[in-house]
Amino acid sequence: MGVSTVLLILVAAMMTRSEGKCPADCKCQIATNRKTVTCNKGGMTEIPINDITLDTQVLIVTSPPGNPNFLTIGRIFLHFSYLEEVHLTNSHVPAIGDSSFWPGRQMKILELSCNDITLLNDQDFNGLSSLEVLDISDNKIFSTPSAPFRFLTSLKSLSLARNRLSRLVPRFFYMLKKLEKLDLSGNPLKELDPENLKDLRPLKVLRLADCQLTSLHSLVYQHLPNIQELDLRNNNFFSLAPEEFRHLKSLQILRLDGNVLSEIREKTFGGHKLEILGLSRNNIIKFLPCSFCNTSVKNLDISRNRLSSLTTDVLAVVSNSLETFDMGFNPLDIYTVLTTVSVLNRLTNLSLAGMNIDKLLPDTFNKNTDLRFLNLSHNNIPEIPDEFLKPLVNIEVLDFSHNKLQELNFETLSTLNNTPSLQKFILHSNTWRCLECNVEPLLEYFNQSDLYEKICQQISDCLKCTTPLKLFGRGLLSLHMEELEPCALSSPQPHVGADASRIGTIIAVVIIIMLVLVIILAVMMYKRQSAAYYTYEQERREFTGYDNIAVVDRNGGLQMDMIQDVISSSNTRHEETRAKHKVNSIT
């Protein structure tokens, strides 16, 4: 055997050993044609570099909540020239360190999220000129030098979300000439100096949610002419100027949810063609008539505001563009909803959840035949009329969960069963009445069609009895006909809520009126009896008046003829009085 042959065998053996190395408690595999090492069991105090092959391309180190890592980095990757991705998360890393990822020529993605990093130093990212994605979110960074990312000339995405930055130093983003996505969400910035953003002209996505902002200077918008997505959720914006975003000519997604806006002024979004506009969770009480003038919106969310009225003309101007609309959890009545929706003839997705709707009008969606998704959950709907469903010929998802449905009749079930587009019909958390006449139609349809699968796709026994009490909590499919009470023999179920309140009020009023009438009749009878008592008493006094009459003649004797005259006169008056009393009684 020649020397060259021996050398080849040795090299092959070394390569085999190298390829076979894998750290204990880690997993080594070929994923997406790249050698990947994953260490995710936790409990590590150092990265097992000596047991990782040098041609590894992806390294993932993390830990579960109950078994954390406590790691430091340093210059441990000097010989790993093939590394393309490093994900070092949930490991209590305290700092990045000077040139820790040198040489890093092939590295495209570096994730250091969910650690304990407090400071950035100006040499932390030395050598990472090819890096495109850097994620250092969910750390404790509160201080940085000027231009900490100057080595990252190829960087396209940077996340500093949920750190402790209260201000950005001058030229913070210096040399990030290719940056397209920046996430600063969750930092207590309170305000942004426009000068700090002037190096970010290529930026397309800017996320500033939860930053305690009350406004943005117009120069901020002028420095970012290429912005396509702006996230300002959960801040303290209390007003927007007319044409507030006029400098953002490319804006497509604008999220203003969770602020304190009270009204939307004229032409606030003028000149924009928005894919998504989020205005939910504000304090909006009105939209001015021209709020959306010269605007197109494809997806609009105005849910969870304080709207008690909404004129048709406000949304009529976006009727040709609006496809997805959420107006749920606003105190709007069903007639306002009907008129508002009637002008939006291109709707495919609509949410009317949490609006206290207690009845469905048959012609509500006559002009919305393209609807694919309809959410009517968390309302007070007692029944689903067949006529209400008929216009929904293309519906795919119907959500009637958390309502007051007690049954579904044959006509409604038939319409649903003959709607081929229907894929999901959500009905859980209703007040199902499990009597023979209510359950039988449901069970019959469930046995003959796949309707039950569309209703209970992921929730076992999603239809559960509320009444009668002996069947409370039972799933409808588990019921047997012999244990169901006939409807005719069942005592009427008491109505609850507003109906019960109205019935109680009516009963109380009737009782009060009856009591008043009884009192009036008692008083009248008492007065009549009192009148009769005094009349008879007077008669007795008049009748017995002669007992005290002493007629004496001049000789001291009684004159009997005069006594007889008095008695006769008294009897006459007594008879007249009795006659008058009798006439009065008759009258």
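Higher on the page you've got the structure.
Residues numbered from 1 in each chain as written. Predicted model: local features only at pLDDT ≥ 70, side-chain atom pairs only at ≥ 80, totals over all residues. Heavy atoms only, no water.

### Side note on the overall build of the protein chain
Secondary structure assignment for the protein chain yields ten helices and 22 strands. When burial is assessed residue by residue, the protein chain has 42% of its 587 residues classed as buried. A separation threshold of at least 6 residues defines the contact pool for the protein chain, and within that pool the share at least 24 residues apart is 56%. Within the structure as shown, the protein chain displays about 31000 Å² of accessible surface, and the carbon and sulfur contribution to it stands at 53%. (Helix = DSSP H or I, 4+ residues; strand = E, 2+ residues; numbered from the N terminus. Buried < 20%, exposed > 50% of the residue type's maximum accessible area, 1.4 Å probe, protein only. Contact = heavy atoms within 4.5 Å. Areas by Shrake-Rupley, 256 points an atom, 1.4 Å probe, with all protein chains shown as cover.)

### What to know about helix H4 (residues 334-342)
Taken residue by residue, H4 has Ile334, Thr336, Val337, Leu338, Thr340 and Val341 as its buried positions. Elements in contact with the buried residues of H4: helix H3 (312-316), strand E16 (324-326) and strand E17 (349-351). The distance from a side-chain oxygen at the start of H4 to the backbone nitrogen of tyrosine 335 is 2.9 Å, and the residue carrying that oxygen is aspartate 333. (Polar contact = N/O pair within 3.5 Å; in protein donor to acceptor, adjacent residues only side chain to side chain.)

### Overview of the pattern of salt bridges
On inspection of all chains with the given rule, the structure shows 17 salt bridges. Measuring nitrogen to oxygen at the nearest pair gives 4.0 Å for the salt bridge that ties glutamate 323 to arginine 346. Of this pair, glutamate 323 sits in the loop between H3 and E16 while arginine 346 sits in the loop between H4 and E17, placing them 23 residues apart in sequence. Overall, the relative accessible area of 22% leaves glutamate 323 in the partly exposed class. (Salt bridge = Lys/Arg side-chain N within 4 Å of Asp/Glu carboxyl O.)

### Describing the state of the cysteines
Taken as a whole and assessed by the stated rule, the structure comprises five disulfides. Paired by a disulfide, cysteine 22 and cysteine 28 hold their sulfur atoms 2.0 Å apart. One disulfide, between cysteine 22 and cysteine 28, carries an S-S torsion of 95° and so falls in the right-handed class. Residue classification places cysteine 28 among the partly exposed positions, given a relative accessible area of 33%. In this model cysteine 434 forms its disulfide with cysteine 465; the gap between the sulfur atoms is 2.0 Å. (Disulfide = S-S within 2.5 Å.)

### Describing the pairing of strand E1 (residues 27-31)
Pairing between E1 and strand E2 (residues 34-39): five bridges, direction antiparallel. Bridge assignment links cysteine 28 to a residue of E2, and that residue is valine 37. Remark: two residues form the turn of the hairpin made by E1 and E2, two consecutive strands paired antiparallel; threonine 32 in that turn has positive phi of roughly 50°. (Pairing = 2+ DSSP bridges.)

### Considerations on the side chain of asparagine 282
Relative to the helices and strands, asparagine 282 resides in the loop between strand E13 (273-278) and strand E14 (286-287). Of the residues examined, asparagine 282 reaches a relative accessible area of 4% and is grouped as buried. From its side chain, asparagine 282 meets the backbone nitrogen of asparagine 259 in a polar contact 3.3 Å long. In this structure, asparagine 282 is in contact with Leu256, Asp257, Gly258, Asn259, Val260, Leu261, Arg304 and Asn305, ignoring residues within four places of it in sequence.

### Quick notes on the nonpolar core
Within the largest apolar cluster, 137 residues are counted, with the highest numbers of intra-cluster contacts made by Phe149, Leu279 and Phe400. With five residues, the single largest contributor to this core is helix H7 (residues 436-448). (Core = buried A, V, L, I, M, F, W, Y, C linked by side-chain atoms within 4.5 Å.)

### Observations regarding the packing of helix H6 (residues 410-417) against H7
Between H6 and H7, the shortest axis-to-axis distance is 10 Å and the interhelical angle comes to 20°. If you check the angle between H6 and H7, you find them roughly parallel. Crossing of H6 over H7 shows right-handed handedness. Contacts between H6 and H7 involve Phe410, Leu413, Ser414 and Asn417 from the first element and Pro441, Leu442, Glu444 and Tyr445 from the second. Of the residues assigned to the contact of H6 with H7, the class counts are five nonpolar, two polar and one charged. (Axes fitted to C-alpha atoms, helices over the stretch in contact; angles between N-to-C directions. Parallel < 35°, antiparallel > 145°, perpendicular 65-115°, else oblique. Left-handed = near helix turned anticlockwise from the far one by under 90°. Nonpolar A, V, L, I, M, F, W, Y, C, P; charged D, E, K, R; others polar.)

### Considering the environment of threonine 311
For threonine 311, the location among the structural elements is in the loop between strand E15 (296-301) and H3. Along the sequence, threonine 311 and proline 289 sit 22 residues apart, while their C-alpha atoms lie 7.7 Å from each other. Among the polar contacts listed, one links the side chain of threonine 311 to the side chain of aspartate 313, at a separation of 2.6 Å.

### Comments concerning the pairing of strand E4 (residues 85-88)
Neither face of E4 is left uncovered, since the one carrying Glu85 and His87 and the one carrying Val86 and Leu88 both have all their residues buried. Of the strand pairs in this sheet, strand E3 (residues 58-61) and E4 are connected by four bridges, and their pairing is parallel. Paired with valine 58 across the bridge in E4 is glutamate 85. Strand direction decides the pairing type here: E4 and strand E5 (residues 109-111), joined by three bridges, are parallel. From the neighbouring strand, valine 86 faces E5, where its bridge partner is leucine 110.

### Things to note about the side chain of aspartate 231
Take aspartate 231: it is sitting in strand E10 (residues 229-231). Exposure remark for aspartate 231: the relative accessible area of 2% places this residue in the buried category.

### With respect to the packing of aromatic side chains
With the rule as written, the count across this model stands at ten aromatic pairs. For the pair tyrosine 221 and phenylalanine 245, a centre-to-centre distance of 5.6 Å together with 65° between the ring planes defines the contact as edge-to-face. Here phenylalanine 245 lies in the loop between E10 and strand E11 (253-255) and tyrosine 221 lies in helix H2 (residues 218-223), a separation of 24 residues in the sequence. The class for tyrosine 221 is buried, based on a relative accessible area of 3%. A relative accessible area of 1% places phenylalanine 245 in the buried class. On the basis of an interplanar angle of 70° and a centroid distance of 5.5 Å, the ring pair of phenylalanine 365 and phenylalanine 388 is categorised as edge-to-face. A residue pair is termed long-range when its members are at least 10 positions apart, and phenylalanine 365 in the loop between E17 and strand E18 (373-375) and phenylalanine 388 in helix H5 (residues 386-389) qualify at 23 residues. Judged by relative accessible area, phenylalanine 365 falls into the buried class, the value being 1%. Counting every residue linked through ring pairs, the aromatic cluster contains Phe125, Phe149, Phe172 and Phe173. A cation over an aromatic ring shows up here: arginine 304 above the ring of phenylalanine 329, its NZ or CZ 3.9 Å from the ring centre. (Phe/Tyr/Trp six-rings, centres within 6.5 Å; stacked < 30°, edge-to-face > 60°. Lys NZ or Arg CZ within 6 Å of the ring centre and 35° of its normal.)

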